[in-house]
Amino acid sequence: MKLTGAEMLCESLTRLGVRHIFGYPGGAILPVYDALGRSQLHHVLVRHEQGATHMADGYARASGGVGVAMATSGPGATNMVTGIATAMLDSSPVVCITGNVSSKLLGSDAFQEVDITGITMPITKHNVVVTRAEDIARTLREAFLIASSGRPGPVLVDVTKDAQQASAEFDWEKAVPKLPLKRVRDNHDQAEFDRAVELLNSAKRPLILAGRGIMLSGAMRTFAQFVHTAQIPVAMTLLGIGCFPAKDALNLGMMGMHGEAWVNNAIQEADLLVAVGMRFDDRVTGDLRTYAKSARKIHLEIDRAEINKNVPVDAALIGDAGETLDKLLPHVQTRDHAPWLQHIAGLKGDSAVRDIQSLPDSGHLYAAHVINDLWKETRGEAVVVTDVGQHQMWEAQYYHHDQPRTLITSGGLGTMGFALPAAIGAKFAKPEADVWVVVGDGGFQMTMCELATIVQEKIKINIAIINNGFLGMVRQWQEFFYDKRYVATPLVAPDFAALANAFGIRGERVTARGDVVPAIRAARESAETVLIDFRVEQEDSVYPMVPAGASLNEMIRRPNSPLVETAVEP
Amino acid sequence: MQTLVAYVENKPGVLNRVSSLARRLAINIDSLTVGPTDNEEIARMTIVAHTDEKGGHRLEASLEKLVDVLLAENVTDRSLLERDLALIKVQADQSNRPHLMELVKVFRARVVDVAPESLIIEVSGAVDKIDGLLEVLRPFGVLEMARSGRISMTRGSDLLRPPVAAEANGIAEKAILTK
């Protein structure tokens, strides 16, 4: 069967199981768009190519499959850079397809020509330029394979315009991936394994650190079995949230910079840390020189390059989290860790009293209230997509996730503007899900143009803007570490409800605590997208907090009675 | 200093990926040589990197993550044969040429070009040997020098060869998308 390169591209994507493509057309990708119109693929027209990559990323994170983004050459391609880096840092399988000028013009500074493979080399798992139509099918199969195997990550395929236009024989059976023959490392060192088992079975104060690797491996059930067999408490990374139910008695909650104090103190006091699919990021370790000094460490990790990168470990078990846990399970002895669990419970101290939920209603609206109410109203079953900053941490603290893939957030790169487009992607992956965007007034203004995408695609999501009139997290740092000099953090925003109306979306504003639940209910009952502008306390801070570079146990605790000085504007 | 040997796909851009990776890890490359193997699709690299053991491990493991790198091995602590090749153009006239010839002999180097006012010396060997020759040539006036960079090979039965199909890691294409 003879097809043009553009037709082959669409045919290949269809055969790879793709249903939705998030993209934006332009000159160098026009042949593909022409072929798209004749295919069964559904194209979502975004308003900015950054949004396309975040949507593909959100789709991948919500579905567990591969997300696909598409853009033209030059600025279309460079606009994807932030989204690609976001996917890279969080190991998200995304395939980006860009058009480029004809192969004869490559390197000539032609109109809208840019060396996108050169630009994205350090932020992709792999990238490739295709200059011949006959290579398109094979290259796409390779791209999907690379993106989704091992430690997943983004792959960029740059297709020149002449490759899209040329015709060649399309033979799917023959277009098998031809990846370089790599050496297989023998990762099953018996001595290392035996040492891990011995450490596991002899620890008195063990703690498991659970990361996104568990989710990527699909090892949630095996992990739960492992935890319950070994009776070891679990601390979660931000991206690990959801891989083990929050309601489980052994789940302590989030660790790290904004983790609860008892979780971090437990890490500092533990005699064994079992890290599963996490990479000891600086946001979870604090000062490495004082990190978990009394603990031996076991690291279950698929990526060899992560072993001993930040924290030296006593036993490294390299491989897929689920497979390694399966191997460990028969050797794990059930131990009674009651004294240790009681000790951790004791570490909680007055934390519950300090919790903002326990304070008398002062008439002021706190972000924590909004998120806690959202959790209750959605019974913890919504897919919540957060942006970056204070609201992201409050969500992690006050929305308790019991199901995997129900919290989608940019952890590693910390990309503001991620939430709204990623939520659109998540909705396409899970059309039946109750998808909530939880976003700050700063991050929302970075990608709010995607409201138009929602309207054009006629999808229903809910948007909760946690609006405090500041770039809140930066303001918090200025308050704590720069003597309250609020430089460039007070933020003017449009009337978000009116803005939503201008897009044809229902918008509301909530300023009082009593109005939170009715607004959430009304939004959930509406068949159309609803945006709620929650005007929350302006100078509230996220507690506790480990200052950057400080030791994990040196936390700034929540004040006993948070001052409520700034009135919420009516 | 850490020495790594790598087998890579012999195609455009691979050298860039390797050097870009070292740059990203903030590791300075002291010497990097690339040459063909008996398989025209595969090239062999010797990388000498200015880093410690931890950096060496990180570089090795990160290199092997690159799709186009078939194998990367940190051979720093192995029994190793290292060779560097240098061409050194030295100022020389009738008066000191015999003296230079003597030195060349001592270092088992060769004179490969003689001109009225200079000669070119070719020397190969371990880095120390070349540095040693250079040291004694300096007083004569070194006009120009070209060095190949190091190539390394583990000694004896310690073999480092590109993987063959039977032992290589063919990732199976599976149903990738969640429907």
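All values derive from a computational prediction rather than experimental measurement.

Rules of the game
- Residues numbered from 1 in each chain as written.
- Chains lettered and ligands numbered in written order.
- Predicted model: local features only at pLDDT ≥ 70, side-chain atom pairs only at ≥ 80, totals over all residues.
- Helix = DSSP H or I, 4+ residues; strand = E, 2+ residues; numbered from the N terminus.
- Rg over C-alpha atoms; globule rule 2.2 N^0.38 Å.
- Buried ≥ 20, exposed ≤ 12 C-beta atoms within 10 Å, placed from the backbone.
- Contact = placed C-beta atoms within 7 Å.
- Core = buried A, V, L, I, M, F, W, Y, C linked by C-beta atoms within 7 Å.
- Domains from an automatic or database assignment.
- Nonpolar A, V, L, I, M, F, W, Y, C, P; charged D, E, K, R; others polar.
- Pairing = 2+ DSSP bridges.
- Axes fitted to C-alpha atoms, helices over the stretch in contact; angles between N-to-C directions.

Turning to the overall build of chain B, a few remarks are in order. In terms of regular secondary structure, chain B is built from four helices and nine strands. Reading the secondary structure of chain B in the N-to-C direction produces β-α-β-β-α-β-β-α-β-β-α-β-β. For 179 residues, the compact-globule estimate of 2.2 N^0.38 gives 16 Å, and the C-alpha radius of gyration of chain B, at 21 Å, exceeds that figure by more than 25%. Along the first, second and third principal axes, the C-alpha atoms of chain B reach 85 × 35 × 30 Å. A buried classification covers 28% of the 179 residues belonging to chain B. Here the analysis covers contacts within chain B between residues at least 6 apart in sequence; of these, 71% occur between residues at least 24 apart.

Of regular secondary structure, chain A possesses 24 helices and 20 strands. Taking 2.2 N^0.38 as the reference for a compact globule, 570 residues should give roughly 25 Å; the C-alpha atoms of chain A span a radius of gyration of 24 Å, in line with that estimate. In terms of its C-alpha atoms, chain A occupies a principal-axis envelope of roughly 70 × 65 × 40 Å. Here chain A, with 570 residues, has 55% of them falling under the buried criterion.

Another aspect to go through is the nonpolar core. Residues A69, V95, L209, V276, V437 and A464 of chain A are the most contacted members of the largest nonpolar core, which totals 183 residues. Among all residues touching V437 of chain A, those that are not within four sequence positions of it are V385, A419, L420, A423, I461, I463 and A464 of chain A. By size, the runner-up hydrophobic cluster in this structure holds 23 residues, among which are I27, M45, A49 and L66 of chain B.

Here the focus is the domain arrangement of chain A. Residues and elements named next belong to chain A. The domain boundaries assigned to chain A delineate domain 1 (2-169), domain 2 (190-347) and domain 3 (351-535). A C-alpha centroid distance of 37 Å is found between domain 1 and domain 2. Listed per partner, the contact involves five residues of domain 1 and five residues of domain 2. Partitioned by chemical class, the residues of the side of domain 1 that touches domain 2 number one nonpolar, two polar and two charged.

Take the sheet that holds strand β7 (residues 155-160) of chain A next. Residues and elements named next belong to chain A. Ordered by their spatial adjacency, six strands build an open sheet running β3-β2-β4-β5-β7-β6, and the pairing between neighbours is parallel. Each edge of the open sheet is held by one strand with a lone partner, namely β3 (42-45) and β6 (126-130). Each strand axis lies, on average, 20 degrees off the axis of its neighbour in the sheet, ignoring direction. When strand β5 (residues 94-100) meets β7, the two strands line up parallel, connected through six bridges. Across the sheet, residue T98 finds its bridge partner in β7, namely D158.

Each turn of an α-helix holds 3.6 residues, which means side chains three or four residues apart point in the same direction. All names here are of chain A. Most of helix α5 (residues 81-89) sits inside the fold, with seven of its nine residues counted as buried. Among all positions of α5, only T82, G83, I84, A85, T86, A87 and M88 are buried. On its buried face, α5 sits against α3 (49-63), β5, α6 (116-120) and β7. One or two steps after α5, the chain reaches S91, where phi turns positive at roughly 50 degrees.

Attention now moves to the domain arrangement of chain B. Residues and elements named next belong to chain B. For chain B, the domain assignment lists domain 1 (2-78) and domain 2 (81-151). The C-alpha-based centres of domain 1 and domain 2 are spaced at 29 Å. Contacts between the two partners involve five residues from domain 1 and, on the opposite side, four residues from domain 2. With three residues, the top contributor of residues to the side of domain 1 that touches domain 2 is strand β2 (residues 28-36).

Residue and element names in this part refer to chain B. On the basis of which strands lie adjacent, the open sheet formed by four strands has the order β2-β3-β1-β4 and antiparallel pairing. If you trace the sheet from one side to the other, it starts and ends with β2 and β4 (69-74), each paired once. Adjacent strand axes in the sheet meet at a mean angle of 15 degrees, parallel and antiparallel pairs treated alike. With eight bridges joining them, β2 and strand β3 (residues 42-50) adopt antiparallel strand pairing. Of the residues in β3, the one forming a bridge with L32 is I47. In the packing of helix α1 (residues 14-24) onto the sheet, the strands contacted are β1 (2-9), β2 and β3, and the crossing angle to β2 comes to about 160 degrees. Each of β1, β3 and β4 is contacted by helix α2 (residues 53-65), which is oriented at about 170 degrees to β4, the strand it contacts most.

Contacts between the two partners involve 26 residues from chain B, matched on the other side by 27 residues from chain A. Contributions of two or more residues to the side of chain B that touches chain A are made by α1, α2 and β4 of chain B. Examining the composition of the side of chain B that touches chain A, we find that six residues originate from one element, α2 of chain B, more than from any other. Across the side of chain B that touches chain A, the residue classes break down as ten nonpolar, six polar and ten charged.

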